[in-house]
Amino acid sequence: MNAELDLALERRIGKRSAAVIEKHLGITTVEGLLTYFPRRYLTRGELTPISELPLDEEVTLIARVLSSSTRHMQARRGTITDVIVSDDDGQQGLRLVGGRDFRGKVPGTLKISFFNGYKAKTELLQGRRALFSGKVTSFKGQLGLTNPDFLILDDDPFVQGDADAGRLAAMPIPVYPATAKLPSWKIQKVIATLLETTDLGSLADPVPEAVATREAFLPVADAYRLIHAPETAADWQRARERFRFQEALVLQSALARRRAQLAAEEATARRPLSDGILAAFDQNLPFTLTGGQTAVGSTLAGELAQDTPMNRLLQGEVGSGKTVVALRAMLQVVDAGGQAALLAPTEVLAAQHYDSIRRTLGPLSGDGLLGGLAAGSGPSVQVTLLTGSMPTAARKQAMLDAASGTAGIVIGTHALLSDTVSFYDLGLIVVDEQHRFGVEQRDALRAKARKPPHLLVMTATPIPRTVAMTVFGDLETSTLEELPKGRAPITTHLVGLAENPGWVARIWARAREEINAGHQVYVVCPKIGADDDGDFSPGEAEPPGLDAEESQRELASVTAVVEHLQAEPSLAGVPLAPLHGRQDPDLKTETMAGFTANRIKLLVSTTVIEVGVDVHNATLMVILDADRFGMSQLHQLRGRVGRGGLPGTCLLVTALEPGHPSRRRLEAVAATTDGFVLSQEDLKLRREGDILGASQSGGRSTLKLLRVLDHEDVIARAREDAQAIVGADPLLAGHPELADAIEKYLNPEKEAFLERG
Ligand code: ADP
Ligand code: MG
């Protein structure tokens, strides 16, 4: 299609440059480098605020040399040149430093050290302005750079030529994501060559003409030129705008096409029975469904009865009662002769669903034939658990039951995705806590049904609209707004040990009070043992904002805390037990059962209890080193208490000093119980790749300019356009460039393969 874009880089910039680019940036095609967009733009006349530079990242900055001094090393041969640079254009910095050898700390300065830096010694003279590129470190409060690449701005190759000085002064300097070996301006130079040699005019535009005209977009060729070599700030802003929209349009068109494809598939209609298991279940329900549960229930019932597959996302705050909604849908499918699978993110949660669903079903849960009438009794359904850690014999039996159709409802972890698992007639897939599963896993399960099954995805992490449109854009959405009646409020307190070390004892005394009152307590730790990483699930973002020193601190671990609590006087005689992901599955099950039955009063665990675990009698949760958890994770965790009509309390314990950025996150969690507010805050702190999930992004976000949280308007507009385009032309026959761009977005590996071929 776009032959020019798919061309090997060496054809346009020569073998040597192409080799350097491939080695350092991993880019091999014209398109790859053309779309290696600058991350920021510096203004030639402005120095970069040094105090705002991030640590331990490759940065590019403009600074002025305040002083320079060279000395011989004592232990070895050679010299060290220390150059102090400042972001202060005036005389303040010079006065502070006095132009002499610099030892103290001055805000807004950076100490740059060069070993045997002849070029630095001779070129970085006092008063000169230069671009520097390297990793900023902090040593005893002094920011520093070691052996960075630099470019004196007065000799800047981009400044030379016949352009007048005034125009040049305004010319933005693009800053590319650089590497230690390849500073931004070298990338800029190579791209300048690429822009000259590439036939930009031949590049097709994935944005349909009507849309480009409406948006008054720059033509593609101009946009490429101006995003890399802008003459004014307005230039790159316009270019960026068009590429950002283009990205959103490609993404939304891919989703619209997937939606259209899913809708065109034929599923088996699973019509409700008036006298089936579901009807019997509804009659014996121990509570009244909330308005939301009823409304969503009838939506699902209607969609399951259609012969196009349901593809629906069910959002609902922690404790809003999603499981019973899902169970009712599963029963409708079973009544109609099909099977349902429930996919849970952890073994603990799968086991808990298994127990509680069988309990909720009561006599309806049995070993009867699939959806049929067991002899003599009423209708019943066999519920089967299938997880990776089950003993072989039990697992084989479960697989047999799934394959033969004996099991009407199969509950499991990702073990359900395994190739060896098959179903007799899989009619509905329910995925619980979807934020742990990607599109691929959904598809792996879908592939196990003869005809496309109906799909219900559930999440308690409320998803901002733009994220939902982007990540779950192929699904319809329902939300459970209200919590069931009788839900008691959860009170959250921040316990700062830095200012009140004595509070540790008070925490355990408080736990004792709850236990004396007949209630139970969760204690959550970030780690299992002294030297491990806890049960952090893949894809969970390391909480941001912890400095090196902070991450060295010994964190609370399940083993150490259990030991400590066994010796804690105020908890003397209290039955307590550890629970974590590395225990033997039988032990885990036993512990969970002991806690559910109120034999174990205090459970010390990792985040294995984060999602779905439901013990009504638990009223207090103590989260140790709470700063180590993400905000929505904390919100999920505290949702484990206050479930049985008893008020819940959550203590967020931290050793961080007041004012520490991570402590502010805890304050935010303590201040609101609105999961939506929290998840919005939380997502802002995460990287885009974490939002989109590994599957959408191949581990990293493939989005270049689009930020799903920041560009709501762009995403919404692109979505409307995409819907209209795909609606009118589902195969995109009239938009080959767009189809091509979608293909590349969805299959970056395939693209790479083609290039080499
Ligand atoms: P979540 O949405 O977090 O998955 P669950 O489905 O686990 O929530 O429900 C939480 C608890 O609320 C369960 O014990 C469930 O039995 C109970 N529950 C669900 N619906 C209702 C209702 N309408 N009235 C009272 N309790 C309910
Ligand atoms: Mg749940």
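All chains use their own residue numbering, which begins from 1 and follows the written sequence. Whichever chain is written first becomes A and whichever ligand is written first becomes 1, with later ones labelled in order. Where local features are concerned, this predicted model is filtered to residues with pLDDT of at least 70; where side-chain atom pairs are given and counted, the filter is 80 or more; whole-chain, interface and lining totals use all residues. Heavy atoms throughout the structure, all of them, feed into the side-chain values; hydrogens and water do not.

Trainee: Mind showing me how you'd approach the packing of aromatic side chains here?
Mentor: The geometry of an aromatic ring pair is captured by two quantities: the separation of the ring centres and the angle between the planes. Any Phe, Tyr or Trp ring, taking Trp's six-membered ring, that has another such ring centre within 6.5 Å forms a pair; planes under 30 degrees apart are called stacked, those over 60 apart edge-to-face, and the others tilted. For the structure on display, the rule yields 8 aromatic pairs. Aromatic pair Phe114 and Phe150: ring centres 5.7 Å apart, planes at 75 degrees, arrangement edge-to-face. Remark: Phe150 occurs in strand S8 (residues 149-152) and Phe114 occurs in strand S4 (residues 109-115); sequence separation between them is 36 residues. Of the two residues, Phe114 and Phe150, both sit in the buried class. When the centroid spacing of 5.4 Å and the interplanar angle of 50 degrees are considered together, the rings of Phe217 and Phe245 count as tilted. Pair noted here: Phe217 is in the loop between helix H9 (209-214) and helix H10 (220-228) and Phe245 is in helix H11 (residues 233-264), with a separation of 28 residues, a long-range link. By relative accessible area, Phe217 is classed as buried at 13%. Each member of the aromatic cluster is reached from another via a ring pair, and the members are Phe37, Tyr224 and Phe243. Numbered from the N terminus, helices here are DSSP runs of H or I no shorter than four residues, and strands are runs of E no shorter than two. The classification of residues rests on relative accessible area computed with a 1.4 Å probe and restricted to protein chains. Under 20% of the type maximum is buried, over 50% is exposed, and intermediate values are partly exposed.

Trainee: Mind showing me how you'd approach the packing of H10 against H11 here?
Mentor: The axes of two packed helices give the description: the angle between them and the distance between them. Following both chains from N to C, one finds H10 and H11 inclined at 125 degrees, their axes separated by 8 Å at the closest point. The angle between H10 and H11 places the two elements in the oblique class. Here H10 runs over H11; the crossing is left-handed. Counting all contacts with H10, which are made through Val220, Ala223, Tyr224, Leu226 and Ile227, the residues of H11 involved are Asp235, Trp236, Ala239, Arg240, Arg242 and Phe243. Three classes are used, and their members are as follows: Ala, Val, Leu, Ile, Met, Phe, Trp, Tyr, Cys and Pro are nonpolar, Asp, Glu, Lys and Arg are charged, and the others, Gly among them, are polar. In the contact of H10 with H11, the residues fall into 8 nonpolar, no polar and 3 charged. Note on geometry: axes are C-alpha line fits, over the in-contact stretch for helices, and angles between N-to-C directions span 0 to 180 degrees. Each angle gets one of four labels, with under 35 degrees taken as roughly parallel, over 145 as roughly antiparallel, 65 to 115 as roughly perpendicular, and the rest as oblique. By definition, turning the near helix anticlockwise from the far helix through less than a right angle yields a left-handed crossing, and turning it clockwise yields a right-handed one. For this analysis, residues touch if any pair of their heavy atoms sits within 4.5 Å.

Trainee: Looking at this structure, how should I read the sheet that holds strand S17 (residues 490-496)?
Mentor: Sheets are built from strands paired through backbone hydrogen bonds, the pairs being either parallel or antiparallel. Two strands are counted as paired when DSSP detects at least two bridges linking them. Taking strand neighbours across the sheet as the criterion, the 6 strands line up as S17-S22-S21-S18-S20-S19 in an open arrangement whose pairing is parallel. At either end of the open sheet lies a strand with only one pairing partner, and these are S17 and strand S19 (576-579). Looking at each pair of strands side by side, their axes are set apart by 20 degrees on average, direction ignored. Relative to strand S21 (residues 618-623), strand S18 (residues 520-524) runs parallel, the two sharing 5 bridges. Residue pairing in the sheet places Val523 in a bridge with Val622 of S21. Where helix H22 (residues 585-596) meets the sheet, it contacts S18, S19, strand S20 (602-605) and S21, and its direction lies at approximately 135 degrees from that of S19.

Keep in mind these values describe shape, not function.
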